[in-house]
Amino acid sequence: MLSEDIKARLKKDFESLMDPVVIVFHGDDSTLSRETEKLLDEIVSLSEKLSLKTDKNLSCHGYPCSSIQWPDRDTGIRFMGKPDGGEFPSFIKTIIMVSRNEYDLSERTLEFIEEIDKPVDIKIFITKSCGWCPPTMLKMFSFALASPFITATAIDSYAFSDMAIRYNVAAVPKVVINDKTEFVGLKEENEILGLIFGAI
């Protein structure tokens, strides 16, 4: 599935990995699930720091679903669908971000995040051809990585069209927080923070 050029590039990118990362996968009997698991298997084969585990108990809004985690803790990061096309580079960046425990958030934002003590569910509706989706997805994943109370799920709007219709997704990226607050497009960090607190 992955070309030799891409594999070589990924091996080089994965040299920056620090801590081990487990990709936890929950699929169903669909072709999409089988293709997704095959892609994940190829990805983890490129570094000794990566492993793949299937877990039917992985909580998600739909399947196939992949979660990029530490071996001993769930990061709250989820991806529903097959992470290919325009979302593939962001998926790889997320693996590296989790391994290095690095996120794209200011110190001030991190201080506010520490005050969160209630569950926050963030859905990020995306498409593989959307230019603003990758930075929005990575920003939301950073919030999840920074707090044990935040779960952020990127949802492929075409693979989960019923869900996209249910949440009135007319443009992407569309972000829905706790099914109360929503916005479209890439927002500033402090705006996102305000919306999270408004939703809880």
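The model shown is predicted, which means the values in this text are computed figures rather than measured ones.

The rules behind each value
Residues numbered from 1 in each chain as written. Predicted model: local features only at pLDDT ≥ 70, side-chain atom pairs only at ≥ 80, totals over all residues. Heavy atoms only, no water. Disulfide = S-S within 2.5 Å. Buried < 20%, exposed > 50% of the residue type's maximum accessible area, 1.4 Å probe, protein only.

### With respect to the state of the cysteines
Right, on to step 1. Here the structure, examined in full by the defined rule, presents two disulfides.
Right, on to step 2. Two residues share a disulfide in this structure: cysteine 60 and cysteine 65, whose sulfurs sit 2.1 Å from each other. The chirality of the disulfide connecting cysteine 60 with cysteine 65 is right-handed, given an S-S dihedral of about 65°.
Right, on to step 3. The residue that forms a disulfide with cysteine 130 is cysteine 133, at a sulfur-sulfur distance of 2.2 Å. Taking the sign of the torsion about the S-S bond as the criterion, the disulfide between cysteine 130 and cysteine 133, at about 100°, is right-handed.
Right, on to step 4. Residue class for cysteine 130 comes out buried when judged on its relative accessible area of 13%.
Right, on to step 5. Accessibility expressed as a relative area gives 0% for cysteine 133, which makes it buried.
Right, on to step 6. Should the bonded cysteines of the protein be numbered as they appear in the sequence, the pairing reads 1-2, 3-4.

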